[in-house]
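Read off the chains here:
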Amino acid sequence: MQRDSIANTFTVATCLCIVCSVVVSTAAVLLRPAQERNQAMEQKRNILQAAGLYRPDQPLEELFKQIEVQVVDLESGQLVDPSVIDPDTFNQRAAARDPDLSRSLDSRQDPAGIGRREKYSFVYLVRKDGQLSQIVLPVRGRGLWSTLYGFLALDADLDHIQGLTFYEHGETPGLGGEVDNPRWKQQWVGKRAFDEEGNIRIRVLRGRVDQDDPAAIHQIDGLAGATITAQGVSNLVRFWLGEQGFGSVLETLRELESE
Ligand SMILES: Cc1cc2nc3c(=O)[nH]c(=O)nc-3n(C[C@H](O)[C@H](O)[C@H](O)COP(=O)(O)O)c2cc1C
């Protein structure tokens, strides 16, 4: 066969395609466990960051020993026994897609734009001297281009915010991606989620917070040029603090505290 014949060109191109696809799929399969490990580490780092416990100079696994991982029933607000759902194997993302483990939300119930809400969720508890000092809640919701996944940490009073971080989203760097800007995230620290009557008051404004306004304690500056993402964050935080989110869990914890 001539080297530059059409048949030879096709044979070489086909062989090259097969070799490349084998290399790519082998790499994908071999790297998947490492990717999953890195994702899990990234989540742990974010949980610690939201709780203000992350120290870059200390081993992540050591720091994470301060965190008690629990699964809660979002309907009843109760902790779920590990013999019913094992936190080591529970996959919350898969549960949120599984019709048996989640329920669909109508548009009125779904300001976060998640479509379905799982029946069970992780929560991460931080205790000091046996007393609850923080609770970290996994949160998610629609921005402009993507679903943002993150963690919201509340102090033991279940009102003051300790931190908000996102470990995954597809918003535009420099616009919606500013949700990762440490200066913007810092604004959440110390803000109050609820008013005295227990209504959810925390929100991201479309503009800047007037520090002289008594409501400023519940307000966060908007993101200029990224109002859609910023309002998405506002909506998702409010959703997860509300009755369709962790409302019943927070209620259970408040009752336990007042006993
Ligand atoms: C290429 C491109 C990327 C954008 N990315 C985002 C984004 O990630 N988040 C966002 O809220 N708006 C983004 N916008 C802007 C939105 O379309 C919209 O104009 C903006 O959210 C409105 O916010 P503003 O009222 O503060 O200007 C993007 C616009 C363009 C052209």
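Just so it is clear, the structure is predicted and the values come from calculations on it, not from any experiment. (Residues numbered from 1 in each chain as written. Predicted model: local features only at pLDDT ≥ 70, side-chain atom pairs only at ≥ 80, totals over all residues.)

1. Structural notes on helix H6 (residues 247–258)
Here H6 contains 12 residues, and its C-alpha end-to-end distance of 17 Å stays within 8% of the 16 Å for a straight helix at 1.5 Å per residue. When H6 is considered as a whole, its buried residues turn out to be Val249, Leu250 and Leu253. The buried residues of H6 all sit within an arc of 95° when viewed along its axis, so they share a single face. Pointing more than 90 degrees away from the buried face of H6 are the exposed residues Glu255 and Ser258. Contact partners of the buried residues in H6: strand E1 (67–73), strand E5 (120–128) and strand E6 (131–142). (Helix = DSSP H or I, 4+ residues; strand = E, 2+ residues; numbered from the N terminus. Expected span 1.5 Å × (residues − 1). Buried ≥ 20, exposed ≤ 12 C-beta atoms within 10 Å, placed from the backbone. Arc of directions from axis to C-beta. Contact = placed C-beta atoms within 7 Å.)

2. Some thoughts on the site of the ligand
Around the ligand, a shell composed of Leu144, Trp145, Glu171, Thr172, Leu175, Gly176, Ala224, Gly225, Ala226, Thr227, Ile228 and Thr229 is seen. Within the shell around the ligand, the residues separate by chemical class into six nonpolar, five polar and one charged. (Near = placed C-beta within 6 Å. Nonpolar A, V, L, I, M, F, W, Y, C, P; charged D, E, K, R; others polar.)

3. Digging into the pairing of strand E7 (residues 147–155)
Strand direction decides the pairing type here: E6 and E7, joined by nine bridges, are antiparallel. Note that in E7 the partner of Val139 across the bridge is Gly150. Across six bridges, E7 lies against strand E8 (residues 161–168) in antiparallel orientation. If you follow Gly150 over to E8, its bridge partner there is Phe166. Joining the antiparallel neighbours E7 and E8 is a turn of five residues, in which Leu158 adopts a positive phi near 60°. (Pairing = 2+ DSSP bridges.)

4. Focus: unusual backbone geometry
At Asp129, a position not held by glycine, the phi torsion is positive, near 50°. Note on placement: Asp129 falls in the loop between E5 and E6. With phi around 60°, Leu158 is a residue other than glycine that occupies positive phi space. Tracing the backbone shows Leu158 in the loop between E7 and E8. By C-beta crowding, Leu158 is classed as partly exposed, having 19 other C-beta atoms within 10 Å.

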